[in-house]
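Close look at the chain arrangement
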Amino acid sequence: MKVKNLIILLSVVLLAGCTKEDLSKCAIDVRFRYDMNSEGVDKFATDISKVNLFVFNESGVLVQEYVDAGDRLDGTYRMSLKLDPGVYDFVAWGDMGDDYHHPPLTPGESSIDEGRVSLKTVAGNMHTHHDPIYHGSRVRVQVKEFGNEVLWINKIKLTKSVRVKFHGLPISSSGASRSGSNADRFVCRIVGRNADYCFYALPAENRQVQHFSPEYDFDAATQTLTLDFATMRLFDDNSCQSNLILEYHPTDGSSAITILNVKLTDVIKVQYPTVDFVRDDTFVLPFDYRGDYAFAEFTVTINGWTAGGTNVIGI
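What you are looking at is a predicted structure, and each value in this text was computed from that prediction instead of being measured. Starting from 1, residues in each chain are numbered consecutively following that chain's sequence as written. Where totals are concerned, whole chains, interfaces and linings use all residues; where local detail is concerned, this predicted model gives features only for residues with pLDDT of at least 70, and gives and counts side-chain atom pairs only at 80 or more. For side-chain calculations, the full set of non-hydrogen atoms in the structure is used, while hydrogens and water are omitted.

**Points about the packing of aromatic side chains**
Working definition: a ring pair exists when centres of Phe, Tyr or Trp rings (six-membered ring for Trp) sit within 6.5 Å. Plane angles under 30 degrees give stacked, over 60 give edge-to-face, the rest tilted. If you walk through the whole model with that rule in mind, you get 16 aromatic pairs. Ring centres 6.3 Å apart and planes at 20° place the aromatic pair F32 and Y77 in the stacked group. On the criterion of sequence distance, the pair formed by F32 in strand β1 (residues 28–33) and Y77 in the loop between β3 (62–69) and β4 (79–81) is long-range, its members being 45 residues apart. When its relative accessible area of 6% is taken as the criterion, Y77 is described as buried. Helical segments are the DSSP runs of H or I of at least four residues, strand segments are the runs of E of at least two, and each set is numbered from the N terminus. Relative accessible area decides the class of each residue, using a 1.4 Å probe on protein chains only: under 20% of the type maximum gives buried, over 50% gives exposed, and in between gives partly exposed.

Written out as structure tokens, the structure is:
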């Protein structure tokens, strides 16, 4: 009987400690994973080194932003939050570093609809490189006074890596770099409207950004020009309006000749028929050029599909 009374007494004490006035024992633990990738393996501990977690109340007003970074973000990491009972939306950004602009939000004033994360660019909205960024969210989460379960937030990677390989372009083979070759006459870029995001990780603005490869590699032996691009989120319906463009700029200063201008997502789907634009983040696109130096008659194909030419520009 004494043991039973002791158990009841301990239960009352524990429950009394979890009240609205004292939330020290009423925390909700938030954990993160990143297994929405092509490998299907949780890579949160290895790929993400910083977390910005925004908590909004049921009315969509910011309650608080929580930030953590460093070696603490390992496979056992959890963020313990002290919140009043209620309904909340959680938005988590991963590695939101110096390559991105994010206007500060004010607790108690700013709404979730005001949240923005934008890729930084230089004059002319040009861009050459950026570090990866990740996003995850959970909405309409009921936080109880006590007895909360662990809240898991799964992240996705918004950044994409695109390697473009042009084989057979009429590039002089006197050098494997800009010096001594005409490779600099070929200008390749990815143009898209996918640099600005709301807190739901959807494009928020209509700003057009030009992504350029920071450098290229020309293999004279195989006549292959290789360029590496970093771009932002891609969508199956190409709502990001991303196009891959290749132009040749003649030495006489005459107008540039468009060799290729195609929807990036379409050529990716030709090369990767089962592509998942949420999980997959690395793409290699090998193009074959057939034609003359004057670009009077030519075709550009990828995986047997005609992607460009004098009469076939775009899709």
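**Here's the deal with the pairing of strand β5 (residues 86–94)**
The buried fraction of β5 amounts to nine of the nine residues, a majority that puts the element mostly inside the structure. Across the two faces of β5 the burial is the same, with G86, Y88, F90, A92 and G94 and V87, D89, V91 and W93 all buried. As paired elements, strand β2 (residues 50–57) and β5 share seven bridges and run antiparallel to each other. Looking at the pairing, F54 lines up with V91 of β5. Summarising the sheet, β5 and strand β9 (residues 134–143) pair through eight bridges and their orientation is antiparallel. Bridge assignment links G86 to a residue of β9, and that residue is V143. Whether two strands pair depends on DSSP finding at least two bridges between them.

**Structural notes on the pattern of salt bridges**
Here, a salt bridge means any side-chain nitrogen of Lys or Arg that lies within 4 Å of a carboxyl oxygen of Asp or Glu. Throughout the structure, instances matching the rule amount to 13 salt bridges. Residue E247 pairs with R189 through a salt bridge whose shortest N-O separation is 3.3 Å. Here the residue E247 occupies a position in strand β18 (residues 243–248), and R189 occupies one in strand β13 (residues 186–192), the gap between them amounting to 58 residues. An identical accessibility class is assigned to E247 and R189; each is buried. A salt bridge links D266 to K269; the nearest nitrogen and oxygen atoms lie 3.9 Å apart. In this pair, D266 and K269 are both assigned in helix α3 (residues 264–271), three residues apart and thus about one turn of the helix distant. Take K269: its relative accessible area is 27%, and that puts it in the partly exposed class. Ionic contacts of the salt-bridge type, sharing partners, join the residues E39, K43 and D47 into one network.

**A short note on the environment of F56**
Its place among the elements puts F56 in strand β2. With 34 residues separating them along the chain, F56 and F90 place their C-alpha atoms 6.5 Å apart. Contacts are residue-level and defined by heavy atoms, with any inter-residue pair within 4.5 Å sufficient. If near-sequence neighbours (up to four positions away) are discounted, F56 is found in contact with V61, L62, V63, V87, Y88, D89, V91, L105, S111, I112 and F199.

**Quick look at unusual backbone geometry**
For R140, which is not a glycine, the phi torsion comes out positive at approximately 55°. Secondary-structure assignment places R140 in strand β9. Positive phi values are uncommon outside glycine, yet N303 reaches one of about 55°. Positionally, N303 belongs in the loop between β21 (298–302) and β22 (305–309).

**Concerning the nonpolar core**
Residues enter a nonpolar core if they are buried and are Ala, Val, Leu, Ile, Met, Phe, Trp, Tyr or Cys, with the set joined through side-chain atoms within 4.5 Å. Ranked by size, the top nonpolar core spans 37 residues in total, and within it F166 and F287 carry the most contacts. If you tally residues by element for this core, the top one is strand β20 (residues 282–291), at four residues. Counting residues in hydrophobic clusters, the runner-up holds 22 residues, among them F44, V51, L83 and Y88.

**So, the sheet that holds β3**
With antiparallel pairing, the five strands of this open sheet are ordered in space as β3-β2-β5-β9-β11. Each having just a single partner strand, β3 and β11 (156–157) make up the two edges of the open sheet. The sheet contact formed by β9 and β11 spans two bridges and is antiparallel. Among the inter-strand pairings, H135 is bridged to a residue of β11, identified as I156.

**So, the confidence of the model for the protein**
Model confidence for the protein is summarised by a mean pLDDT of 86, while 86% of its residues fall at 70 or above. pLDDT is defined as a per-residue confidence score from the predictor, taking values between 0 and 100. Overall, residues 174–180 carries pLDDT values under 50, and its contacts beyond four positions in sequence, including any with other chains, amount to 10 contacts. Confidence drops under a pLDDT of 50 for residues 310–315, and excluding neighbours within four residues, the segment shows 16 contacts in the predicted structure.

**Thoughts on the sheet that holds β4**
Here three strands make up an open sheet; going across it, the order is β4-β1-β10 and the pairing mixed. Two strands in the sheet have a free side with no partner beyond their single neighbour: β4 and β10 (151–154). Averaged over all pairs of adjacent strands, the angle between strand axes in this sheet comes to 30°, irrespective of strand direction. The convention used is that axes are lines fitted to C-alpha atoms, helices contributing only their stretch in contact, and that angles between N-to-C directions extend from 0 to 180 degrees.

**Re the side chain of D280**
Positionally, D280 belongs in the loop between α3 and β20. In this structure, D280 is in contact with S38, K160 and V275, ignoring residues within four places of it in sequence.

**Side note on the environment of D89**
By the element assignment, D89 lies in strand β5. The exposure class of D89 is buried, given its relative accessible area of 7%. Apart from the residues within four sequence positions on either side, D89 is in contact with F54, V55, F56, R138, V139 and R140. A polar side-chain atom of D89 sits 2.7 Å from the main-chain amide nitrogen of R140. Between N or O atoms, a polar contact is any pair within 3.5 Å; within protein, one atom must be a potential hydrogen donor and the other a potential acceptor, and residues adjacent in sequence are included only when both atoms are from side chains.

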